Amino acid sequence: MADKKIPKATARRLPLYYRYLRFLHEAGKERVSSAKLSEAVKVDSATIRRDFSYFGALGKRGYGYDVEALMNFFSKTLNQDRLTNVALIGVGNLGQALLNYNFRRNNNIRISAGFDVKDDLIGTIHQGVPIYDINEMVDQLEMQQIDVAILTVPSEIAQEMADKLVKGGVRGIMNFTPIRVTVPKEVRVHNVDLTNELQTLIYFINYYQDFGQNTEPEEDDNPLNDLFYND
């Protein structure tokens, strides 16, 4: 996917398509129409066809999409055949929850190292993941060749930790803190603020009833994107 210039909203939907195609394949389904796919993933069929068009002709008129072929295509596009090790920075309540989850439904993503400042956590193993002293972070990131990290630390040290992640060679940060950290342009940050997400949901419930019970407006047209999705 690195050599294809596609909209961010489309890129965010690709894992959703892939997961449902995997479900269909495991259920023994051989083909699916854009209408059926739309109904399942709650994305309108015109958007699905537009998303797929960025990758060329993926389906056949009158037939729909070959489930296995499309699943394999998105698997390759999303690097599903390559294991990505992820570092967890901060093993507090949220960090513990992420360790317990550890992306078990994905064969290609795993948290492989945790970092914290608490003596009772350092040197322990949680859910099969070793917890290191935060002072060892840069060296461990380089040694383990980890280039993706999840940041779940207190706000007051978020920028300091982000700086260390960059120093350790991390190229992507999922930031769960409310602080918008500053990083070099070659490092990608996805901000996940659960409070803002809930506020956004409440806003849509109150002011966007016409979008339907189980859907939300197109991400490109979402009036709150500039407030809450400044990636």
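Here is what the cut-offs are and how they apply
Residues numbered from 1 in each chain as written. Predicted model: local features only at pLDDT ≥ 70, side-chain atom pairs only at ≥ 80, totals over all residues. Heavy atoms only, no water. Buried < 20%, exposed > 50% of the residue type's maximum accessible area, 1.4 Å probe, protein only. Helix = DSSP H or I, 4+ residues; strand = E, 2+ residues; numbered from the N terminus. Pairing = 2+ DSSP bridges. UniProt positions renumbered as here; feature names shortened; annotations may be inferred. Patch = residues over 30% accessible without salt bridge, like charges linked within 9 Å, V, L, I, M, F, W, Y side chains within 5 Å. Areas by Shrake-Rupley, 256 points an atom, 1.4 Å probe, with all protein chains shown as cover. Salt bridge = Lys/Arg side-chain N within 4 Å of Asp/Glu carboxyl O. Core = buried A, V, L, I, M, F, W, Y, C linked by side-chain atoms within 4.5 Å. Phe/Tyr/Trp six-rings, centres within 6.5 Å; stacked < 30°, edge-to-face > 60°. Contact = heavy atoms within 4.5 Å. Expected span 1.5 Å × (residues − 1). Arc of directions from axis to C-beta. Axes fitted to C-alpha atoms, helices over the stretch in contact; angles between N-to-C directions. Left-handed = near helix turned anticlockwise from the far one by under 90°.

**What to know about the pairing of strand β9 (residues 188–191)**
Where a strand is regular, its side chains alternate between the two sheet faces.
Then comes step 1: Only one face of β9 is covered, namely the one carrying V189 and N191; the face carrying R188 and H190 has none of its residues buried.
Then comes step 2: Examined bridge by bridge, strand β8 (residues 172–175) and β9 share 4 bridges and lie parallel to one another. Residue pairing in the sheet places M174 in a bridge with H190 of β9.

**With respect to the UniProt feature "DNA-binding region" (unreviewed entry) in the chain**
Then comes step 1: Taking the UniProt record as the reference, the feature "DNA-binding region" (unreviewed entry) is found at residues 16–55.
Then comes step 2: Between the C-alpha atoms that bound residues 16–55 there is a distance of 16 Å. The span itself is 70% helix and 5% strand.

**Points about a nonpolar patch on the surface**
Then comes step 1: Taken together, the side chains of L198, L201, I202 and I205 make up a nonpolar region of the molecular surface, amounting to roughly 370 Å² of accessible area.
Then comes step 2: Tracing the sequence through the fold places I205 in helix α8 (residues 194–207).

**Let's talk about the sheet that holds β9**
Sheets are built from strands paired through backbone hydrogen bonds, the pairs being either parallel or antiparallel.
Then comes step 1: With mixed pairing, the 7 strands of this open sheet are ordered in space as β5-β6-β4-β3-β7-β8-β9. Each having just a single partner strand, β5 (125–126) and β9 make up the two edges of the open sheet.
Then comes step 2: Pairing analysis gives 4 bridges linking strand β3 (residues 84–89) to strand β7 (residues 148–151), with the strands arranged parallel. Counterpart to A87 in the pairing with β7 is A149.

**Things to note about the nonpolar core**
Then comes step 1: Ranked by size, the top nonpolar core spans 21 residues in total, and within it I89, F115, M137, L141, L151, L165 and I173 carry the most contacts.
Then comes step 2: Of all the secondary-structure elements, those providing two or more residues to this core are β3, β4 (109–116), α6 (137–144), β7 and α7 (158–167).
Then comes step 3: Core analysis: the next-biggest nonpolar cluster, separate from the first, contains 19 residues, Y17, L21, Y65 and V67 among them.

**What about the environment of Y18?**
Then comes step 1: Mapping Y18 onto the fold places it in helix α1 (residues 8–26).
Then comes step 2: Looking at Y18, the relative accessible area reads 9%, which means it is buried.
Then comes step 3: Linking Y18 and F73, residues 55 residues apart in sequence, is a C-alpha distance of 9.1 Å.

**Quick notes on the packing of aromatic side chains**
Then comes step 1: Counted by the stated rule, this structure contains 11 aromatic pairs.
Then comes step 2: Summarising the aromatic geometry, the rings of Y17 and F52 are spaced 5.2 Å apart at their centres and angled 85° between planes, so their arrangement reads as edge-to-face. Note that Y17 is positioned in helix α1 and F52 in helix α3 (residues 45–53), a separation of 35 residues in sequence. Accessibility classification places Y17 together with F52 in one group, the buried group.

**Observations regarding the UniProt feature "binding site: NAD(+)" (unreviewed entry) in the chain**
Then comes step 1: Listed under "binding site: NAD(+)" (unreviewed entry) in the UniProt record, and renumbered for this structure, are G90, V91, G92, N93, L94 and G95.
Then comes step 2: Tracing the chain through its elements places N93 in helix α5 (residues 93–101).
Then comes step 3: Its relative accessible area of 75% is what places N93 among the exposed residues.
Then comes step 4: Following the sequence through the fold, G95 ends up in helix α5.
Then comes step 5: Apart from residues lying up to four places away in sequence, G95 is in contact with L88, G90 and T152.

**With respect to unusual backbone geometry**
For residues that are not glycine, phi is negative in most cases, and the peptide bond is trans in most cases.
Then comes step 1: In this structure, K42 takes a positive phi of about 60° despite not being glycine.
Then comes step 2: Of note, K42 is situated in the loop between α2 (34–41) and α3.
Then comes step 3: Since its relative accessible area comes to 45%, K42 is described here as partly exposed.
Then comes step 4: Of note in this structure, Q127 is not a glycine but carries a positive phi near 50°.
Then comes step 5: Along the chain, Q127 turns up in the loop between β5 and β6 (129–133).

**Points about α8**
Then comes step 1: In this model, α8 (14 residues) spans 20 Å end to end at C-alpha, consistent with the 20 Å of a helix rising 1.5 Å per residue.
Then comes step 2: Buried within α8 are the following residues: N196, T200 and F204. The arc that holds the buried residues of α8, viewed along the axis, is 75°, so those residues lie on one side. For α8, exposure combined with an orientation more than 90 degrees from the buried face picks out L194 and L198.

**Quick look at the packing of α6 against α7**
Then comes step 1: Closest axis-to-axis distance for the α6/α7 pair is 8 Å, and the angle between their directions is 35°. Judged by the sense of rotation from one axis to the other, the crossing of α6 with α7 is right-handed. In this structure, α6 contributes M137, V138, L141 and E142 to the contact, and α7 contributes M161, K164, L165 and K167.

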